[in-house]
Amino acid sequence: MKKRYLIIALVALSLLSLFVGVSSISPMDLLDFKSEETEIFLISRLPRLIAIILAGAGMSIAGLIMQSLSRNKFVSPTTAGTLDATRLGILISMLVFTNATYMQKISFAFIFALAGTLLFMQILNRIKFKDAIFVPLVGLMFGNILSSIATFFAYKSDIIQNMSVWLQGDFSLILKGRYELLYISVPVLILAYIFANRFTVAGMGEDFAKNLGLSYNKVLNLGLVLVALISVTVVLTVGMIPFLGLIIPNIVSIFKGDHLEKTLPHTALLGVIFLLICDIIGRVIIFPYEIPISMTVGVIGSAIFLFMLFRGKAYA
Amino acid sequence: MIQVKEVSKYFAKKPVVDNVSVNIQSGKITSFIGPNGAGKSTLLSMVSRLLDADTGEVLLDKSDVKRWKSNDFSKRVSILKQSNFMNVRLTIRELISFGRFPYSKGRLNEEDEKMVDQAIEYMNLGDLQDSYMDELSGGQRQRAFIAMVIAQDTEYILLDEPLNNLDMKHSVQIMKILRKLVEDLGKTVIIVLHDINFASVYSDYIVALKDGRVVKDGPTHEIINSDALKEIYDMDIPIQEMNSCRICVYFNS
């Protein structure tokens, strides 16, 4: 898994993504700055590509950080309740402040995402039986509890329909002016890279980290804040993208190990490539209609996840 | 110099380490021995500030280990816990490089790389340095961990039952390495040992614990005798001298 090949694949898929869609746009059309094609390109196609890149890299890195900090290969925002907590946060912000501004929604969802992830880490500390499969099962249960609380309130206030929209990750709604929140991932990813070595050390366990003079709790909290930030921005703009944070870091780990500073770029690149492929498939399979990204990622991702489960617990 | 002063640790109000005072001799191997649940590992964890003492203090160079800056402390004292389990996929070289973390935070400079090379050579891991940890045998893994500690370049090296799950050959290999570290590099080694004979043959000083208290402590020859062992283990253990090693024959006592 050479970085060079990943970059080539990324560029090729990006170009493909820009020129696949209901209205056909060819690169030549873009030479005319005022044409309708150029407008569609700038308002829809380009934002969509940027959103895919930011969400793909963000969710994969969020998963990577969570797996490192929880010391479990099967923990990710999907399997630790982070995404469910985010959704609950958005819902409650909408119920409590009916006229919630964007910033209020974000802050609320962020607090919930962070609290949910912290709570899961606390549960993880308490349980004695730290089996590789058992831990994410606990996380899924925890997530389902949060999710049913959300459903209950949504049902009470008749906004189930609304909520199911955030449930489904969907890039077709991404337009200029509706995705810029995702840019928060950029500084978050830079921070993740700066702290990569600390995350790796923390991933070797608290005693191990303390031996090397690392302030374990600070690094742990920073990691969870980064994960919560990424989750919130992705859920609020795109919706839930399952499995991405789970499978991508695992695939990279098989080939490149767990030295985060070395695997972070690969994880981000592969996450974007995977998401681009899923998005393009979703766009062409029932052309001119579209399948939401959460569906394509869900189907392909769960197949890969099952394959990884059967492939051998020894490594997980 | 490490001094343990009237240190106690309670778990659920039960003392696990009870008013223990010990002075650790520099440039020697000191073994903590005693029956299960004697508090050996807990004491070692407090010396290495992985656990905080409830009362009393552990002094490194006359200042309480709690008051040391975490990073400075990790340049003076290193600890390897008994859990050899790692679910992090690192190559041996990557692991050993993390021994330099207190100095370089992971971005290794030339001197760091040199220290890593030396540690690899010292532990004879050159051929294996690019293998992943999870592809190794228990003995090789333990050697890699010790190499990491060597790269960490601390004056004090603390090990919690490093011979766990190792066969005879590898146990001897590890103990010889620790002996060499003390003799060649002037390190101070503190080690929790289960096997009384390894303690007898390889250590300079022994601290015997029982029910959280120090029962005996002194140079090895003062501890390895039938009377003292009776007090520590409640067993009549005859001692046989062979090639100037005192061997405790406890198997049928």
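Residues numbered from 1 in each chain as written. Chains lettered and ligands numbered in written order. Predicted model: local features only at pLDDT ≥ 70, side-chain atom pairs only at ≥ 80, totals over all residues.

- Going by an unreviewed UniProt entry, chain B carries the name ABC transporter ATP-binding protein and comes from Psychrobacillus psychrodurans.
- Check the Subcellular location (unreviewed entry) section of the UniProt entry for chain B; it says "Cell membrane". (UniProt positions renumbered as here; feature names shortened; annotations may be inferred.)

- With an unreviewed UniProt entry as reference, chain A is termed ABC transporter permease, source organism Psychrobacillus psychrodurans.
- Word for word, the UniProt comment on chain A under Subcellular location (unreviewed entry) is "Cell membrane".
- As recorded by UniProt, the Sequence similarities (unreviewed entry) comment attached to chain A reads in full: "Belongs to the binding-protein-dependent transport system permease family. FecCD subfamily."

Quick notes on the overall build of chain A
So, step 1. Along chain A, the regular secondary structure elements total 13 helices and zero strands.
So, step 2. Going from N to C terminus, chain A has its helices and strands arranged as α-α-α-α-α-α-α-α-α-α-α-α-α.
So, step 3. Compactness check: chain A gives a C-alpha radius of gyration of 19 Å against a globular reference of 20 Å for 316 residues, within 12% of the reference.
So, step 4. Seen through its C-alpha atoms, chain A measures out along the principal axes to roughly 60 × 50 × 35 Å. (Helix = DSSP H or I, 4+ residues; strand = E, 2+ residues; numbered from the N terminus. Rg over C-alpha atoms; globule rule 2.2 N^0.38 Å.)

Overview of helix α1 (residues 40-47) of chain B
Residue and element names in this part refer to chain B.
So, step 1. The element α1 is extensively covered by neighbouring structure, given that seven of its eight residues are classed as buried.
So, step 2. Turning to α1, its buried residues are Lys40, Thr42, Leu43, Leu44, Ser45, Met46 and Val47.
So, step 3. Immediately beyond the C-terminal end of α1, within one or two residues, lies Arg49, with a positive phi of roughly 55°. (Buried ≥ 20, exposed ≤ 12 C-beta atoms within 10 Å, placed from the backbone.)

Quick notes on unusual backbone geometry
So, step 1. The omega torsion of the bond from Phe287 of chain A to Pro288 of chain A falls at 5°, within 30 degrees of zero and hence cis.
So, step 2. Position of Pro288 of chain A relative to the elements: it lies in the loop between α12 (260-284) and α13 (293-311).
So, step 3. If you check the backbone angles, Arg71 of chain A has positive phi at about 55° while not being a glycine.
So, step 4. Summarising the element assignment, Arg71 of chain A is placed in the loop between α2 (36-70) and α3 (82-96).
So, step 5. Under the C-beta neighbour-count criterion, Arg71 of chain A is labelled buried, with 20 such atoms within 10 Å.
So, step 6. Here the phi dihedral of Ser244 of chain B falls at roughly 60°; this positive angle occurs in a residue that is not glycine.
So, step 7. Within the fold, Ser244 of chain B resides in the loop between β11 (239-242) and β12 (245-248).

Quick word on the sheet that holds strand β1 (residues 2-11) of chain B
So, step 1. Pairing in this open sheet of four strands is antiparallel, and the strands run β2-β1-β4-β5 (chain B) from one edge to the other. Each end of this open sheet is capped by a strand with a single partner; those strands are β2 (14-24) and β5 (63-64) of chain B. (Pairing = 2+ DSSP bridges.)

Some remarks on the domain arrangement of chain B
Residue and element names in this part refer to chain B.
So, step 1. With domains assigned, chain B is organised as domain 1 (1-76 + 155-253) and domain 2 (85-153).
So, step 2. Listed as interface residues are eleven residues of domain 1 and, on the opposing side, seven residues of domain 2.
So, step 3. Top contributing element to the side of domain 1 that touches domain 2 by residue count: helix α7 (residues 168-185), with four residues.
So, step 4. Residues of the side of domain 1 that touches domain 2, tallied by class, amount to five nonpolar, five polar and one charged. (Domains from an automatic or database assignment. Contact = placed C-beta atoms within 7 Å. Nonpolar A, V, L, I, M, F, W, Y, C, P; charged D, E, K, R; others polar.)

With respect to the UniProt feature "transmembrane region" (unreviewed entry) in chain A
So, step 1. Under the UniProt annotation, the feature "transmembrane region" (unreviewed entry) is placed at residues 48-66, 106-127, 133-155, 181-199, 219-252, 264-285 and 291-310 of chain A.
So, step 2. Counted over residues 291-310 of chain A, helix gives 90% and strand 0%. Its end C-alpha atoms are 28 Å apart.

A few points about the packing of helix α4 (residues 102-126) of chain A against helix α5 (residues 134-156) of chain A
Helix-helix packing: each pair is described by the crossing angle between the helix axes and the interaxial distance.
Residue and element names in this part refer to chain A.
So, step 1. Running from amino to carboxyl end, α4 crosses α5 at an angle of 140°, the nearest separation of the two axes being 11 Å. Between α4 and α5, the crossing angle belongs to the class labelled oblique. Every pair of crossing elements has a handedness; the one defined by α4 and α5 is right-handed. Along its contact with α4, which presents Gly116, Phe120, Ile123 and Leu124, the element α5 presents Val135, Val138, Gly139, Phe142 and Leu146.
So, step 2. Looking at the contact of α4 with α5 residue by residue, the class counts come to seven nonpolar, two polar and no charged. (Axes fitted to C-alpha atoms, helices over the stretch in contact; angles between N-to-C directions. Parallel < 35°, antiparallel > 145°, perpendicular 65-115°, else oblique. Left-handed = near helix turned anticlockwise from the far one by under 90°.)

Quick look at the nonpolar core
So, step 1. Formed by 165 residues in total, the largest nonpolar core has its most connected members in Ala55, Ile65 and Ala109 of chain A together with Ile96 and Ala147 of chain B.
So, step 2. Of all the elements, α2 of chain A adds the most residues to this core, at 14 residues.
So, step 3. Taken domain by domain, the makeup of this core includes at least three residues from each of domain 1 (1-76 + 155-253) and domain 2 (85-153) of chain B. (Core = buried A, V, L, I, M, F, W, Y, C linked by C-beta atoms within 7 Å.)

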